[in-house]
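Listed below are the residues making up each chain.
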Amino acid sequence: MLSIIRSIYLVFLRMFRPRFTVQYPEEKIKLPARWRGRIVLTRDPDGGERCVGCYLCAVACPVDCIALQATEDEHGRRYPEFFRINFSRCIFCGLCEEACPTYAIQLTPDFEMSEYDRQNMVYEKEELLINGEGKYKGYNFYNVSGLKTGEKDKGEADNENPPIDVRDLMP
Amino acid sequence: MNPIVQNLLIVFGVLFGALTMAAGLIWIERRMLGLWQDRYGPNRVGPFGIFQVIADMIKIFFKEDWIPPFADRTIFTVAPAIVVATVLLGFAIVPVAPNVFVVDFNIGILFFLATSSIGVYSLVLGGWSSNNKYSLLGALRGTAQMISYEVFMGLSLMGVVMMTGSFSLHSIVEAQQGMWFVVPQIVGFVIFIIAALAETHRLPFDIPEAESELIAGYHSEYSGMKFGMFFVGEYLGITLISALTVTLFLGGWLGPSFLPPFAWFSLKTLVVILFIVLLRAALPRPRYDQLLSYGWKVLLPLSLLNILVTGAVILATG
């Protein structure tokens with residue numbers, strides 16, 4: 001009997017507590033920096049595309065939502081001719097980001113991607129490619145990996161570092 | 001003013017007021033439940049979400065009105081109307097202000113008890129005509145619950161009747177000039193609230209429709225406006241028992257004169273309604289047999305004792 005009255009009283013006191021609800025479209029919660037949301041393709045500090053079209057993301061993707069076609073430019077550098085992510089299939093697992101050897105594909109803290117038309121969920125390269133470096137500032141894949149072209153060997157160009165020795169444990 | 005016109009105005013005023021309150025309760029209850037559960041409830045449609053009521057009504061009017069092929073058509077259709085009609089009949093005896101009431105029966109309380117008993121039929125017939133096992137179980141439970149709780153509801157009011165010396169609600173309110181009956185009749189008040197909650201099969205006593213056990217109990221097969229009628233009937237029932245609690249125990253329209261009598265009545269009714277919503281937010285549903293044994297083993301002796309003591313005190317003080 002007393003416990004009933006006590007629970008009525010305690011529930012009544014909830015009136016004076018702040019509410020948990022976040023009034024979503026007006027208020028927004030702060031997403032953590034490592035939130036796995038909308039996928040972007042980033043550029044290196046010089047403004048070049050980071051993606052080298054290695055297909056590792058497409059292979060890693062458990063739902064097969066990434067499609068791309070690699071091609072080469074006049075300097076022999078690989079880049080994706082098209083890059084297509086079907087976000088109606090994507091499960092935002094982040095495996096593509098982990099698989100990427102050049103930090104090109106990254107997941108961002110943004111989840112507001114609802115569409116009325118299902119076709120609009122398919123993002124092409126124009127929508128994916130951003131003018132920034134994303135989470136990894138100052139990283140340029142070609143500076144540390146080197147690239148052998150017809151004129152020079154790896155790490156021999158002016159603004160290039162010698163390639164990393166992959167058998168060495170030191171950074 | 002022509003007395004017939006005045007009477008008609010009062011009748012339609014009470015009808016309109018009761019139905020508006022019942023509709024508004026849909027919103028009030030959801031907002032208050034939200035408040036007590038640390039969330040907001042509907043707050044998007046219109047200011048504070050008040051147009052949610054209209055949105056809900058539009059929705060329920062346009063829903064498919066489905067009568068299952070195995071149901072008994074006629075009774076299935078009539079059942080939801082009974083609950084609304086009986087509860088609305090009950091409003092006839094509630095005095096809103098000293099000269100605003102539909103009728104002033106000298107058997108007012110008996111009339112209310114009678115109409116609320118007829119309300120059981122809607123539940124029984126609705127559950128039976130649905131021809132569905134869950135509906136029938138809900139109807140059976142509802143019948144047992146409502147018939148047993150009617151007994152104490154009547155008995156708990158006898159103390160008030162003895163102190164007033166009349167069944168008329170008008171004279172009951174006037175007898176509370178000195179002191180509201182909630183003070184001398186606190187036992188009767190508590191028993192009446194509990195019995196009235198069980199009578200309107202309102203949470204925490206919503207055993208006939210217990211979602212977690214019986215889908216929706218006696219209205220499992222109902223949809224569209226027929227289901228809406230059961231809903232309106234439930235909210236009308238809450239309004240009615242709140243209005244009666246105010247009239248019988250909380251001094252009706254009486255109150256300090258800075259507010260008109262009508263305002264006092266409405267204010268008190270609203271407070272009782274909010275208390276009933278608070279009960280819903282706070283208390284879990286008891287088991288079916290617990291409810292019945294609690295009624296017969298605790299509430300019945302208690303209400304009889306209340307009558308006995310009240311009678312002895314009246315006799316002693318003359």
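Further up the page is the structure itself.
Residues numbered from 1 in each chain as written. Chains lettered and ligands numbered in written order. Predicted model: local features only at pLDDT ≥ 70, side-chain atom pairs only at ≥ 80, totals over all residues. Heavy atoms only, no water.

### Focus: the overall build of chain A
Now for step 1: Of the regular secondary structure elements, chain A holds five helices and five strands.
Now for step 2: Ordered by position in the sequence, the α and β elements of chain A form the string α-β-α-β-β-α-β-β-α-α.
Now for step 3: Its C-alpha radius of gyration of 24 Å places chain A more than 25% over the 16 Å reference for a compact globule of 171 residues.
Now for step 4: Counting only residues that meet the buried cut, chain A has 30% of its 171 residues in that class.
Now for step 5: Across chain A, the fraction of contacts at a sequence separation of at least 24, relative to all contacts at a separation of at least 6, is 65%.
Now for step 6: When the accessible surface of chain A is totalled, it reaches about 11800 Å², and 53% of it is carbon and sulfur.
Now for step 7: Both charge centroids of chain A, one from 23 positive and one from 27 negative side chains, sit 12 Å from each other. (Helix = DSSP H or I, 4+ residues; strand = E, 2+ residues; numbered from the N terminus. Rg over C-alpha atoms; globule rule 2.2 N^0.38 Å. Buried < 20%, exposed > 50% of the residue type's maximum accessible area, 1.4 Å probe, protein only. Contact = heavy atoms within 4.5 Å. Areas by Shrake-Rupley, 256 points an atom, 1.4 Å probe, with all protein chains shown as cover. Lys, Arg positive; Asp, Glu negative; His and termini not counted. Charge placed at Lys NZ, Arg CZ, Asp CG, Glu CD.)

### Considerations on the overall build of chain B
Now for step 1: Along chain B, the regular secondary structure elements total eleven helices and zero strands.
Now for step 2: Secondary structure elements of chain B, listed N to C terminal, follow the sequence α-α-α-α-α-α-α-α-α-α-α.
Now for step 3: Over its C-alpha trace chain B gives a radius of gyration of 20 Å, about what one expects of a compact globule, namely 20 Å for 318 residues.
Now for step 4: For the C-alpha atoms alone, the extent of chain B along its principal axes is close to 65 × 50 × 45 Å.
Now for step 5: Scored against the burial criterion, the 318 residues of chain B give a buried share of 53%.
Now for step 6: For chain B, long-range pairs separated by at least 24 residues make up 76% of all intrachain contacts whose partners lie at least 6 apart in sequence.

### With respect to the sheet that holds strand S3 (residues 78-86) of chain A
Residues and elements named next belong to chain A.
Now for step 1: Pairing in this open sheet of three strands is antiparallel, and the strands run S2-S3-S5 from one edge to the other. Edge strands, defined here as strands with exactly one partner in the open sheet, are strand S2 (66-72) and strand S5 (122-123).
Now for step 2: Judged from the two bridges that link them, S3 and S5 form a sheet pairing that is antiparallel. When the bridges of S5 are listed, asparagine 86 appears paired with valine 122. (Pairing = 2+ DSSP bridges.)

### Some remarks on the interface of chain A and chain B
Now for step 1: Counting from both sides, the interface comprises 16 residues of chain A and, opposite them, 14 residues of chain B.
Now for step 2: Linking chain A with chain B are two salt bridges.
Now for step 3: Across the salt bridge formed by B:Arg44 and A:Glu26, the nearest N and O atoms sit 3.1 Å from each other.
Now for step 4: When grouped by side-chain class, the residues that make up the side of chain A that touches chain B number nine nonpolar, three polar and four charged. (Salt bridge = Lys/Arg side-chain N within 4 Å of Asp/Glu carboxyl O. Nonpolar A, V, L, I, M, F, W, Y, C, P; charged D, E, K, R; others polar.)

### So, the packing of helix H1 (residues 3-36) of chain B against helix H10 (residues 261-282) of chain B
All names here are of chain B.
Now for step 1: Viewed as axis vectors pointing N to C, H1 and H10 meet at an angle of 50 degrees, and their least axial separation amounts to 10 Å. As far as their axial angle goes, H10 and H1 are oblique. The crossing of H1 and H10 is right-handed. Between H1, through Met21, Leu25, Ile28, Glu29, Met32, Leu33 and Trp36, and H10, the contact on the second element is made entirely by Leu270, Ile273, Leu274, Val277, Leu278, Arg280 and Ala281.
Now for step 2: A breakdown of the residues in the contact of H1 with H10 according to their chemical character gives twelve nonpolar, no polar and two charged. (Axes fitted to C-alpha atoms, helices over the stretch in contact; angles between N-to-C directions. Parallel < 35°, antiparallel > 145°, perpendicular 65-115°, else oblique. Left-handed = near helix turned anticlockwise from the far one by under 90°.)

### Details of the state of the cysteines
Residues and elements named next belong to chain A.
Now for step 1: Applying the stated criterion across every chain yields a total of zero disulfides over all chains.
Now for step 2: In this model cysteine 96 remains outside any disulfide bridge; the closest cysteine sulfur is found in cysteine 93, 6.1 Å from its own.
Now for step 3: Note on cysteine 100: no disulfide assigned, nearest cysteine sulfur contributed by cysteine 54 at a separation of 6.1 Å.
Now for step 4: On the accessibility criterion, cysteine 100 (13% relative accessible area) is buried. (Disulfide = S-S within 2.5 Å.)

Any functional reading would require information beyond the geometric quantities listed.
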